[in-house]
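# Structural characterization, general
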Amino acid sequence: QNGVATVGGGKISDLFAGSGINAARPTGSNAEGCETIDRLLSTGRDGPDFLFANLVDFDMLYGHRRDPIGYAQSLMEFDHWLERLLPRLDDDLLVMITADHGNDPTWTGTDHTREKVPLLMHAPGGPRLTGEHKPFSVIAATLADWFEVDYSGLAGRSLLE
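Residues numbered from 1 in each chain as written. Predicted model: local features only at pLDDT ≥ 70, side-chain atom pairs only at ≥ 80, totals over all residues. Heavy atoms only, no water.

### Some words on a nonpolar patch on the surface
On the surface, a cluster of nonpolar side chains totalling about 270 Å² of accessible area is made up of Leu15, Phe16 and Phe52. When you line up the elements, Leu15 lands in helix H1 (residues 12–15). (Patch = residues over 30% accessible without salt bridge, like charges linked within 9 Å, V, L, I, M, F, W, Y side chains within 5 Å. Areas by Shrake-Rupley, 256 points an atom, 1.4 Å probe, with all protein chains shown as cover. Salt bridge = Lys/Arg side-chain N within 4 Å of Asp/Glu carboxyl O. Helix = DSSP H or I, 4+ residues; strand = E, 2+ residues; numbered from the N terminus.)

Now the structure itself:
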């Protein structure tokens, strides 16, 4: 409604049935997801206003399949990629990294688990620790604030306030 060009990376377009997604960039792995993010960031101001990406391996390959060794390796690979990403961020970018649920690879069964999930955020002025948030709608409120959309009806408050 506010003209925000949105790209869905990974399975985001499928998860939201294409609603609000201007372009889909499906990926088959975390590595492909990170490559997609890198490629879209390198386009500068010609890229999307909002890139909503899902890294599929954490959930599909290691969490549900209860593979703690693969999960740990995947986290280390992501950490190395993140180390290369951080110097590329400036005050024109808002980056939020989180998960939609826990998926402890050491737990029994294949269902989602319910741990607290991290929220890492880079905003104008640099990275910040944001503490624990209830409800999860702080992410929606923060994005609405960033894109100058009214969020007064949301349960969460913007982390940019």
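### Some points on unusual backbone geometry
Phi at Ala17 is positive, roughly 50°, even though this residue is not glycine. By secondary structure assignment, the location of Ala17 is in the loop between H1 and strand S2 (23–25).

### Description of the packing of helix H2 (residues 30–42) against helix H4 (residues 68–85)
Packing of H2 against H4 brings their axes to within 11 Å, and their N-to-C directions diverge by 10°. It follows that H2 is roughly parallel to H4 by the angle criterion. Seen from H2, the contacting residues are Asn30, Cys34, Ile37, Asp38 and Leu41; seen from H4, they are Ser74, Phe78, Trp81 and Leu85. Taken together, the residues of the contact of H2 with H4 sort by class into six nonpolar, two polar and one charged. (Axes fitted to C-alpha atoms, helices over the stretch in contact; angles between N-to-C directions. Parallel < 35°, antiparallel > 145°, perpendicular 65-115°, else oblique. Contact = heavy atoms within 4.5 Å. Nonpolar A, V, L, I, M, F, W, Y, C, P; charged D, E, K, R; others polar.)

### Describing the environment of Thr43
Within the fold, Thr43 resides in the loop between H2 and strand S3 (50–53). Assessed through its relative accessible area of 34%, Thr43 is described here as partly exposed. As for Thr43 and Leu85, which are separated by 42 residues in sequence, their C-alpha atoms are 14 Å apart. Separated by 2.5 Å, the side chain of Thr43 and the backbone oxygen of Leu40 make a polar contact. (Buried < 20%, exposed > 50% of the residue type's maximum accessible area, 1.4 Å probe, protein only. Polar contact = N/O pair within 3.5 Å; in protein donor to acceptor, adjacent residues only side chain to side chain.)

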